[in-house]
Amino acid sequence: MCIPTLFCYLRDFDSGLWWSTAYQPARSPLRPGEAIFTLARAEFRRRDFGIDSHVEVAVSPDDDIEVRRVHLTNVSRRPRTIELTTFAEVVIAPAQSEEAHPAFSNLFVHTESLGDGSAVLATRRARSASEHPSWLLHVVQVHAETSIAASFTTDRHAFIGRGRGVDNPQAVQRGGALGGETGNVLDPVVAIRRTVVIAPDETMVVDIILGLCPDRATAVTMVEKHRDRR
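Residues numbered from 1 in each chain as written. Predicted model: local features only at pLDDT ≥ 70, side-chain atom pairs only at ≥ 80, totals over all residues. Heavy atoms only, no water.

1. Re the pattern of salt bridges
Where side chains of opposite charge bring their charged atoms close, a pairing between them can arise. For the record, the criterion: Whenever Lys or Arg places a side-chain nitrogen within 4 Å of a carboxyl oxygen from Asp or Glu, that contact is recorded as a salt bridge. Burial here depends on accessible area, computed with a 1.4 Å probe over protein chains only, as a share of the maximum for the residue type. Under 20% is buried, over 50% is exposed, and the range in between is partly exposed.
A complete count under the given rule lists 14 salt bridges for this structure. Among the ionic pairs, Arg 47 bridges to Asp 52, the shortest N-O distance being 2.5 Å. Of the residues examined, Arg 47 reaches a relative accessible area of 52% and is grouped as exposed. Here the salt bridges do not stand alone but share partners, grouping Arg 41, Glu 43, Arg 45 and Glu 56 into one network.

Shown next, in the form of structure tokens:
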């Protein structure tokens, strides 16, 4: 099964400046940051425009879940409003099938949002009674009271825009709430935006969850389980 690559963007709401929590996808040559790889996890550290970001990436020992814990620290002297936006292309297909016919494979993907928009599910429509497609889940959980309502989209075109790529998506450059597109989109992705207000010297923690489950009921259970910071 193909596992999608997850990107995380940060944007200063007031100035419009934006960057990513790792070198990819923004590829800023002036602020390369630091990457640390161990047997247990990977870490990425950066400082951009007065915001320190520290990302810890690990795989759950109990579930088919990747967990990214993002620590955002405001090292400037004023409160900062930061838009954190995730993005991953939906696959949910064997690697050979995806590589052979990616556009055809996308036609069978269906997406939906759960609750307040901070969780999105995606699955492939079964093409026969014997087929039991997996369910992809994506959650962005903010562990603070000073956060703004979540927004999301599952339409790649609405997020990236025409003639653009993941290095300059229109949804990140424009800012604001995402469009909320779900259903049988032509080119499915999972993208969630959370906006947080960080006081000077304050650290905000955001958990980003991406995983696969055998059915919808299990996916919903995993969403609720991994909303818990512990």
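The rest of the description comes next.
2. What about the packing of aromatic side chains?
Short version of the rule: Only the six-membered ring of Trp is used, alongside the rings of Phe and Tyr, when aromatic pairs are assigned; centres must lie within 6.5 Å, and planes under 30 degrees apart are stacked while those over 60 apart are edge-to-face, with the rest tilted.
Using the criterion set out here, one finds 5 aromatic pairs in the structure. Centroid distance Tyr 9 to Trp 18: 6.1 Å. Interplanar angle 55°. Geometry classified as tilted. Grouped by ring-pair contacts, the aromatic residues Tyr 9, Trp 18, Phe 87 and Phe 159 constitute a single cluster.

3. Let's talk about the nonpolar core
Keep this limit in mind: We define the nonpolar core as a collection of buried residues of types Ala, Val, Leu, Ile, Met, Phe, Trp, Tyr and Cys that are connected through side-chain atoms lying within 4.5 Å of one another. Helix and strand assignments follow DSSP, with helices taken as H or I runs no shorter than four residues and strands as E runs no shorter than two, numbered in order from the N terminus. What makes two residues a contact is simply this: any of their non-hydrogen atoms within 4.5 Å.
Ranked by internal contacts, the top residues of the largest apolar core, which has 31 residues, are Val 70, Leu 72, Ile 82, Leu 84, Leu 136, Val 206 and Ile 208. Looking at this core, the elements with two or more residues in it are strand E1 (6-12), strand E5 (51-59), strand E6 (65-74), strand E7 (80-89), strand E9 (119-124), strand E10 (135-142), strand E12 (188-198) and strand E13 (203-213). Looking at this core element by element, the count peaks at 5 residues for E13. Beyond its immediate stretch of four places on either side in the chain, Leu 84 contacts Cys 8, Tyr 9, Leu 10, Val 70, Leu 72, Val 140, Ile 192, Arg 193, Arg 194, Val 206 and Ile 208. Core analysis: the next-biggest nonpolar cluster, separate from the first, contains 12 residues, Ile 65, Leu 137, Val 139 and Cys 213 among them.

4. Here's the deal with the environment of Gly 175
Along the chain, Gly 175 falls in the loop between helix H4 (170-174) and E12. In this structure, the C-alpha to C-alpha distance between Gly 175 and Glu 131, residues 44 residues apart in sequence, is 40 Å. Excluding its chain neighbours within four sequence positions, the residues that come into contact with Gly 175 are Arg 11, Glu 83 and Arg 193.

5. Some thoughts on the layout of surface pockets
Basically, it comes down to this: In this analysis, the protein atoms alone were mapped onto a 1 Å grid. Cavities are point sets where a 1.4 Å probe fits without being able to get out; pockets are open sets with protein on both sides within 12 Å along at least five of seven lines; lining residues have an atom within 4 Å of a point. Grid points are joined across faces, edges and corners, and a volume is the space filled by probe spheres set on the points.
If you add up the space inside the largest pocket, you get close to 390 Å³. Counting residues per element, the ones that place at least two in the lining of the largest pocket are E5, E6, E13 and helix H5 (216-227).

6. A closer look at the pairing of strand E8 (residues 109-114)
Rules: Criterion used throughout: strands pair if DSSP finds at least two bridges between them.
As paired elements, E8 and E9 share 6 bridges and run antiparallel to each other. Its bridge partner lying in E9, Ser 113 is registered against Val 120.

7. Digging into H5
Note the cut-off: By definition here, a helix of n residues has an expected span of 1.5 Å times n minus one. Of all possible arcs, the one meant is that of the directions from the helix axis to the C-beta atoms.
Taking 1.5 Å of rise per residue, 12 residues should cover 16 Å, and H5 covers 17 Å from first to last C-alpha, within 8% of that figure. Every buried residue of H5 is listed here: Ala 219, Met 222, Val 223, His 226 and Arg 227. Along the axis of H5, the buried residues cluster in a sector spanning 130°; they form a single face. The exposed residues of H5 that point more than 90 degrees off its buried face are Ala 217 and Glu 224. Buried residues belonging to H5 abut E6, E8, E9, E10 and E13.

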